[in-house]
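Chain by chain, the residues:
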Amino acid sequence: MTTYKFNRESRLLTPGHFQAVFSKPIRFGSRHFTLLVTQKPHTLVSDKHNSVAKNRLGLAVAKKRVKLAVQRNRIKRQVRESFRLNQNNLPAIDIVVMVKSGIDQLDNKMINQELEKIWRKIIQRHKN
């Protein structure tokens, strides 16, 4: 049975985790999202980066891009839920999701559609 958890191990928690993704990212984008992805090396022993064979998600929803806290929280909830449902299909990667201006005008369905397209791009790219 496939589990769909989003717990502490599924999140990028420390500034060091985020810095590892920002230092050498592979970028995936859409009209309202930029995703920075870092492939995890298989031989890494320490947990300084991500040695566990799980995906981890970090969110960077800037107040500059989305003014209202209600909207920022809604967007973060949608991203977390989409990630939770798709994490078993994704390769072992760390992901930082950043948003672009205008995303707060989209409804939840449109946000999910954009994220689904990006998840498919990531899966396709890492198959090759």
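Owing to the predicted nature of the structure, the values given are computational and were not obtained by experimental measurement.

**What to know about the overall build of the chain**
For the chain, the helix and strand inventory stands at three helices and four strands. For the chain, the residues scored as buried account for 38% of the 128 residues in total. A fraction of 78% describes how many contacts in the chain between residues 6 or more apart in sequence connect residues 24 or more apart. Looking at the chain as shown, the accessible area adds up to about 7,800 Å², and 52% of this sits on carbon and sulfur atoms.

**Let's talk about the confidence of the model for the chain**
Looking at the chain as a whole, the pLDDT averages 89, with 89% of positions reaching at least 70. Across residues 42–47 the pLDDT falls below 50, and counting only partners more than four positions away or on other chains, this stretch makes seven contacts in the model.

**A look at the packing of aromatic side chains**
Using the criterion set out here, one finds two aromatic pairs in the structure. Between Phe-6 and Phe-83 the ring centres are 5.9 Å apart and the planes differ by 85°, which places this aromatic pair in the edge-to-face class. Remark: Phe-83 occurs in helix 2 (residues 69–86) and Phe-6 occurs in the segment before helix 1 (15–23); sequence separation between them is 77 residues. In this structure Phe-83 comes out as buried when scored by relative accessible area, which is 0%.

Rules and cut-offs
- Residues numbered from 1 in each chain as written.
- Predicted model: local features only at pLDDT ≥ 70, side-chain atom pairs only at ≥ 80, totals over all residues.
- Heavy atoms only, no water.
- Helix = DSSP H or I, 4+ residues; strand = E, 2+ residues; numbered from the N terminus.
- Buried < 20%, exposed > 50% of the residue type's maximum accessible area, 1.4 Å probe, protein only.
- Contact = heavy atoms within 4.5 Å.
- Areas by Shrake-Rupley, 256 points an atom, 1.4 Å probe, with all protein chains shown as cover.
- pLDDT = per-residue confidence, 0-100.
- Phe/Tyr/Trp six-rings, centres within 6.5 Å; stacked < 30°, edge-to-face > 60°.

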